[in-house]
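Each chain is listed here by its residues.
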Amino acid sequence: MNKKERYIVFLLIIVIINYLITRFFLFDIHKMIDFTNTMSLLSASLTCIFILSDNILASLCSSIGNIIGFILGYLFNTEVIDYITGNTNNYWLIWLISYILIVAIGLIISKLFHVKHEK
């Protein structure tokens with residue numbers, strides 16, 4: 001197994017472990033079933049896309065960004081009482097936005113490094 005194949009296996013193991021931790025072990029914290037599945041599917045899909053396009057930094061940010069977004073959502077969430085729907089929480093929004101920002105930062109840094117590396 002060469003270095004790239006080990007890296008691919010490592011990233012996919014991170015995505016699987018992240019899914020198992022956020023979906024099952026930390027379920028009592030967030031109590032979201034569908035959103036956890038959606039975020040894990042998004043993370044796995046983007047990681048695979050970035051691996052296929054040989055974008056190492058973006059694939060790393062995509063696989064690790066999900067758990068970082070989860071942690072940021074946990075730290076900064078607020079529960080609000082909405083008079084129409086009852087209790088609402090912005091955990092999912094913080095989780096999603098932080099994940100998107102982490103992946104975007106990884107893409108930008110990767111692009112800047114790639115352009116700088118070509119010169």
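It should be noted that the structure appears before, not after, this text.
Residues numbered from 1 in each chain as written. Predicted model: local features only at pLDDT ≥ 70, side-chain atom pairs only at ≥ 80, totals over all residues. Heavy atoms only, no water.

Draft legend 1. Broad picture of a nonpolar patch on the surface. A contiguous nonpolar patch, built from M1, V9, I13, I16, I17, L20, I21, F24 and F25 and spanning about 900 Å² of accessible area, is present on the exposed surface. Mapped onto the elements of the fold, I16 is located in helix α1 (residues 3-25). (Patch = residues over 30% accessible without salt bridge, like charges linked within 9 Å, V, L, I, M, F, W, Y side chains within 5 Å. Areas by Shrake-Rupley, 256 points an atom, 1.4 Å probe, with all protein chains shown as cover. Salt bridge = Lys/Arg side-chain N within 4 Å of Asp/Glu carboxyl O. Helix = DSSP H or I, 4+ residues; strand = E, 2+ residues; numbered from the N terminus.)

Draft legend 2. Structural detail: the side chain of S63. Within the secondary structure, S63 sits in helix α4 (residues 56-76). One polar contact links the side chain of S63 to the main-chain carbonyl oxygen of L60, over a distance of 3.0 Å. Beyond its immediate stretch of four places on either side in the chain, S63 contacts L11, I14, V15, N18, S43 and T47. (Polar contact = N/O pair within 3.5 Å; in protein donor to acceptor, adjacent residues only side chain to side chain. Contact = heavy atoms within 4.5 Å.)

Draft legend 3. Structural view of the side chain of N18. By secondary structure assignment, the location of N18 is in helix α1. Looking at N18, the relative accessible area reads 5%, which means it is buried. The contact partners of N18, leaving out residues within four places of it in the chain, are S63, N66 and I67. (Buried < 20%, exposed > 50% of the residue type's maximum accessible area, 1.4 Å probe, protein only.)

Draft legend 4. Region of the structure containing the pattern of salt bridges. Throughout the structure, instances matching the rule amount to 1 salt bridge. For K4, the salt bridge goes to D54, with nearest N and O atoms at 2.4 Å. Of this pair, K4 sits in helix α1 while D54 sits in the loop between α3 (34-52) and α4, placing them 50 residues apart in sequence. For K4, a relative accessible area of 45% puts it in the partly exposed group.

Draft legend 5. Spotlight on α4. Under the 1.5 Å per step criterion, the end-to-end length of α4 is 29 Å for 21 residues, consistent within 8% with the ideal 30 Å. G65 marks the point of greatest bend in α4, at about 40°. Here α4 has its buried residues at A58, S59, C61, S62, S63, G65, N66, G69, F70 and G73. The residue sitting at the N-terminus of α4 and contributing the capping side-chain oxygen is N55; that oxygen lies 3.4 Å from the backbone nitrogen of A58. (Expected span 1.5 Å × (residues − 1). Bend = angle between axes of the 7 residues up to and from the residue.)

Draft legend 6. Up close: the nonpolar core. With 10 residues, the main nonpolar core is built from M32, F35, M39, F50, A58, F70, Y91, W95, Y99 and V103. Among the elements of the structure, α3, α4 and α5 (91-118) are those that each provide at least two residues to this core. When near neighbours in sequence (up to four residues on either side) are disregarded, M39 contacts N66, W95, L96 and Y99. (Core = buried A, V, L, I, M, F, W, Y, C linked by side-chain atoms within 4.5 Å.)

Draft legend 7. Up close: α1. The end-to-end C-alpha distance of α1 is 31 Å, a good match for the 33 Å that 23 residues give at a rise of 1.5 Å each. What α1 keeps buried is the set L11, I14, V15, N18, T22 and R23. N-cap assignment for α1: the residue whose side-chain oxygen lies 3.3 Å from the backbone N of K4 is N2.

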